[in-house]
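# Results of the structural survey
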Protein chains: 2
Amino acid sequence: MPPNDSLPYEVKRAQEINRLFGPKDSENAYDLAIDLHNTTSNMGNCLIMKTSKDDFTIQMINYIKNTLTHDNCQVLLLENPAVQYGAIRTVAKHSVGLEIGPQPQGVVRANILANMRKLVNSALDFTHFYNEGKEFPPCTLDVYRAFEKVDYPRDSEGQIIAIIHPQLQDNDWKQLKPGDPSFLTLDGKTIPYNGSSAVYPVFVNEAAYYEKESAFLLTQKVTLKANSMKVCKT
Amino acid sequence: MPPNDSLPYEVKRAQEINRLFGPKDSENAYDLAIDLHNTTSNMGNCLIMKTSKDDFTIQMINYIKNTLTHDNCQVLLLENPAVQYGAIRTVAKHSVGLEIGPQPQGVVRANILANMRKLVNSALDFTHFYNEGKEFPPCTLDVYRAFEKVDYPRDSEGQIIAIIHPQLQDNDWKQLKPGDPSFLTLDGKTIPYNGSSAVYPVFVNEAAYYEKESAFLLTQKVTLKANSMKVCKT
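Residues numbered from 1 in each chain as written. Chains lettered and ligands numbered in written order. Predicted model: local features only at pLDDT ≥ 70, side-chain atom pairs only at ≥ 80, totals over all residues. Heavy atoms only, no water.

Stated precisely, the cut-off is as follows: UniProt positions are given in the numbering used here, feature names are shortened, and annotations may be inferred rather than shown by experiment.
The name given to chain A in an unreviewed UniProt entry is Aspartoacylase, and the organism recorded there is Scyliorhinus torazame. Its UniProt record gives chain A a comment under Cofactor (unreviewed entry), which states: "Zn(2+)".

Okay, here's the thing in structure tokens:
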């Protein structure tokens, strides 16, 4: 689409980013995007991948996780179309999203900033070693595969009528079983999780996702595999 | 000032509120305003008063504190002009601000909402008993009197160059002594608190106060006294 001054600012910026670092899905696209995010959810350190089929991404995330020996770090796979959303990083051929929380908007917390720096440094180290020709042996990677978003309970006019239950709040990555409390109505009734099997919620009570109709995402644990990998120098 | 369509929305709203519940400092002003706020700071339950000289407010806050037997609740006195800011509640003859945190903007946390309801209910109970003619005996009230705001360290162009130190973050109401860490520069240097005596910081890292040039407020502990009080029925 040609640039057009009547377009919203966000659309113009998206076009500009696609022009600078893409075009998406083209040979000219950048090799790697590291996409830095914060969340109001209690996600801790989280690495986001968009595909289970890219050895480079699996190897990179496996490397980052293993270098963070003193910090917990989870991996979220956003491959299912039901939970995908437009992200800058998808313009590049390979990508990783760094999602760290909890941190409110408009606030810098020293602990979150320190964790972000550790993750970025580790991602850059991996890239450096890869470019230098280091061989990475086959590996497996435990990830949380998101498969569904759960909206807040709403009335017939779309108004939210229940909030995240205190027993679910801040419990990202923890098991939620059928019957466990998920929401609390504004008049104090507990709404249990009514799924058919245990899940692991993430992005619980993220501020930016009220408008996306997502109170939390449901995930399941899966293990990914990657072959050994070494840069092909030409 | 007469209403004027060219004024900013916030100014028009302030005029409307003053017309509805004031006019401020007039005989027609409402008797009591209960003003509900949240903060990104780790303030817990906090009651804010604007004057140390109003027995009604001291008695009400003393009542609220005593009914919250299972919850911690601190009192902040914003009487010093150096730390005052425009607040809706100042339109009424008496007022109390309820300030609860931590909660990010755009998020409802069940625990924060439950605490807000407890505080509002207790304030309304007190008002009800007072209006019914109950006598409240003399009391004392321990409060934190704010006397100074501390801005973020900035460069010559006004850009922030340091963030709240991790040892100060989330430690609202805790003693800060001269020499204790207060900020961390973006290149990792600790900036100690350089005051002349121990203080108790509040509103540490509140999102809305970056633009107000306030990284935290300094307070000292003082004890207020109120006479016995009983409504004068006419």
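## Some remarks on the sheet that holds strand β7 (residues 181-185) of chain A
Residue and element names in this part refer to chain A. So the rule is basically this: In this description, strands pair whenever DSSP reports at least two bridges between them. Per the convention used, a helix needs a DSSP run of H or I reaching at least four residues, while a strand needs a run of E reaching at least two, with both numbered from the N terminus. The convention used is that axes are lines fitted to C-alpha atoms, helices contributing only their stretch in contact, and that angles between N-to-C directions extend from 0 to 180 degrees.
The antiparallel open sheet is built from 3 strands, whose spatial order is β6-β7-β8. Taken across any chain shown, the strands that pair with only one partner, and hence form the sheet edges, are β6 (162-164) and β8 (190-192). Sheet twist, expressed as the average angle between the axes of neighbouring strands with direction ignored, equals 35 degrees. Relative to β8, β7 runs antiparallel, the two being bridged by 3 bridges.

## Here's the deal with the state of the cysteines
Note the threshold: Only a pair of cysteine sulfur atoms within 2.5 Å counts as a disulfide in this structure description. Only protein chains enter the accessibility calculation, which uses a 1.4 Å probe; a residue whose area is less than 20% of its type maximum is buried, one above 50% is exposed, and one in between is partly exposed.
Scanning the entire structure with this criterion turns up 0 disulfides over all chains. You can see A:Cys73 has no disulfide; the closest cysteine sulfur is in A:Cys46, sitting 7.2 Å from it. Since its relative accessible area comes to 3%, A:Cys73 is described here as buried. Between B:Cys139, a cysteine without a disulfide, and B:Cys73, which holds the nearest cysteine sulfur, the sulfur-to-sulfur distance is 14 Å.

## With respect to the interface of chain A and chain B
Test applied: Only heavy atoms enter the contact rule, under which two residues are in contact if any of them lie within 4.5 Å. Summed over both partners, the accessible area lost on bringing two parts together, with a 1.4 Å probe, is the buried area. Between Lys or Arg on one side and Asp or Glu on the other, a salt bridge is scored when a side-chain nitrogen of the former is within 4 Å of a carboxyl oxygen of the latter. We call two N or O atoms a polar contact when they sit within 3.5 Å, provided that within protein one can donate a hydrogen and the other can accept it, with sequence-adjacent residues counted only if both atoms are side-chain atoms.
On the chain B side, the residues contacting the 20 residues of chain A number 20 residues. Buried area between chain A and chain B, summed over both chains or domains, comes out near 1,600 Å², and the portion from carbon and sulfur atoms is 55%. Applying the counting rule to chain A against chain B returns 2 salt bridges. One salt bridge in this structure joins B:Arg109 and A:Asp170, with 2.7 Å as the shortest N-O distance. The interface formed by chain A and chain B holds 9 residue pairs in polar contact (both at pLDDT 80 or more) in total. Going through the elements one at a time, α3 (110-131) and β6 of chain A are the ones with two or more residues in the side of chain A that touches chain B.

## Some details on the environment of A:Met116
All names here are of chain A. Secondary-structure assignment places Met-116 in helix α3. Exposure remark for Met-116: the relative accessible area of 9% places this residue in the buried category. Each residue touching Met-116, except ones within four places of it in the same chain, is listed here: Leu-36, His-37, Asn-38, Leu-98 and Ile-100.

## Brief notes about the UniProt feature "domain: Succinylglutamate desuccinylase/Aspartoacylase catalytic" (unreviewed entry) in chain A
On the UniProt side, "domain: Succinylglutamate desuccinylase/Aspartoacylase catalytic" (unreviewed entry) is annotated at positions that read residues 7-126 of chain A here. Its end C-alpha atoms 39 Å apart, residues 7-126 of chain A is made of 36% helix and 21% strand.

## Side note on the packing of aromatic side chains
All names here are of chain A. Heads up, the rule is: Two rings from Phe, Tyr or Trp (for Trp, the six-membered ring) form a pair when their centres are within 6.5 Å of each other. A pair whose planes differ by under 30 degrees is stacked, one over 60 is edge-to-face, and the rest are tilted. Criterion for a charge above a ring: Arg CZ or Lys NZ at most 6 Å from the ring centre, at most 35 degrees from the ring normal.
The full count for this structure, using the stated rule, is 26 aromatic pairs over all chains. Taking the centre distance of 6.0 Å and the plane angle of 55 degrees together, the rings of Tyr-152 and Phe-183 count as tilted. Here Tyr-152 is found in the loop between β5 (139-150) and β6, whereas its partner Phe-183 is found in strand β7, with 31 residues between them in sequence. Three or more aromatic residues joined by ring pairs make a cluster, and in this case those are Phe-56, Tyr-63, Phe-126, Phe-129, Tyr-130 and Phe-136. In this arrangement the basic side chain of Lys-134 is found over the ring face of Phe-136, its NZ or CZ atom lying 5.4 Å from the centre.

## Notes on helix α2 (residues 55-67) of chain B
In plain terms, the rule: The span you would expect from a helix comes to 1.5 Å times its residue count less one.
With 13 residues, α2(B) ought to run about 18 Å at 1.5 Å a step, and its terminal C-alpha atoms sit 18 Å apart, in line with that. By the burial criterion, the buried members of α2(B) are B:Phe56, B:Thr57, B:Ile58, B:Gln59, B:Met60, B:Ile61, B:Asn62, B:Tyr63 and B:Ile64.

## Concerning the sheet that holds strand β8 (residues 190-192) of chain B
Residues and elements named next belong to chain B. Spatially, β6-β7-β8 is the arrangement adopted by the 3 strands of the open sheet, whose pairing is antiparallel. Pairing within the sheet leaves two strands with one partner each, and these edge strands are β6 (162-164) and β8. Adjacent strand axes in the sheet meet at a mean angle of 35 degrees when their direction is disregarded.

## Remarks on the UniProt feature "domain: AstE/AspA barrel-sandwich hybrid" (unreviewed entry) in chain A
The feature "domain: AstE/AspA barrel-sandwich hybrid" (unreviewed entry), as given by UniProt, occupies residues 140-221 of chain A in the numbering adopted here. With 0% helix and 38% strand, residues 140-221 of chain A has its two end C-alpha atoms placed 13 Å apart.

## Examining the packing of helix α2 (residues 55-67) of chain A against α3(A)
All names here are of chain A. In plain terms, the rule: In this scheme, roughly parallel covers angles under 35 degrees and roughly antiparallel covers those over 145, while 65 to 115 is roughly perpendicular and the rest are oblique. In a left-handed crossing the near helix is turned counterclockwise from the far helix by less than a right angle, and in a right-handed crossing that turn is clockwise.
Contact geometry of α2 with α3 gives a least axis separation of 9 Å together with a crossing angle of 125 degrees. Taken together, the axes of α2 and α3 are oblique relative to one another. α3 is crossed by α2, and the crossing has right-handed handedness. Counting all contacts with α2, which are made through Phe-56, Gln-59, Met-60, Tyr-63, Ile-64 and Thr-67, the residues of α3 involved are Leu-119, Ser-122, Ala-123, Asp-125, Phe-126, Thr-127, Phe-129 and Tyr-130.

## Looking at the relation of the copies chain A and chain B
Which entries qualify depends on this criterion: All copies are superposed by least squares; the fitting set is the C-alpha atoms of residues with a pLDDT of at least 70 in both.
Note on the copies: chain A fits chain B at an RMSD of 0.0 Å, the axial shift is 0.0 Å, and the rotation between them is 180 degrees. The operation mapping one copy onto its partner corresponds to a two-fold rotation axis. Minimal C-alpha distance to the rotation axis in chain A is attained by A:Pro104, lying at 2.3 Å. Same-surface contact between copies: 100% of interface residues of chain A are shared with the interface of chain B.

## Brief notes about a nonpolar patch on the surface
This is how it is decided: A patch consists of residues exposed above 30% relative accessible area that lack any salt bridge, with like charges linked at up to 9 Å and nonpolar side chains (Val, Leu, Ile, Met, Phe, Trp, Tyr) linked at up to 5 Å. Method for areas: the Shrake-Rupley scheme with a 1.4 Å probe, in which residue coverage is limited to the protein chains shown.
A cluster of nonpolar residues, A:Leu20, A:Phe21 and A:Tyr30, forms a patch on the protein surface that exposes about 300 Å² of accessible area. Within the secondary structure, A:Leu20 sits in helix α1 (residues 9-21).

## Structural notes on the pattern of salt bridges
Enumeration over the complete set of coordinates arrives at 16 salt bridges over all chains. Between A:Lys177 and A:Asp180 there is a salt bridge whose closest N-O contact spans 3.9 Å. Judged by relative accessible area, A:Lys177 falls into the partly exposed class, the value being 41%. Its salt-bridge partner being B:Arg154, residue B:Asp151 comes within 2.7 Å of it at the nearest N-O pair.

## Thoughts on the confidence of the model for chain A
Stated formally: pLDDT expresses how confident the predictor is about each individual residue, on a scale running from 0 to 100.
Chain-level pLDDT for chain A is 94 on average; 97% of the residues reach the 70-or-more range. Note on the complex model: pTM 0.92, ipTM 0.90.

## Regarding the side chain of B:Thr39
Among the structural elements, B:Thr39 can be located in the loop between β1 (32-38) and β2 (44-49). With near-sequence residues (within four places) excluded, B:Thr39 lies in contact with B:Glu99, B:Ile100, B:Gly101, B:Pro102, B:Gln103, B:Phe203 and B:Glu206.

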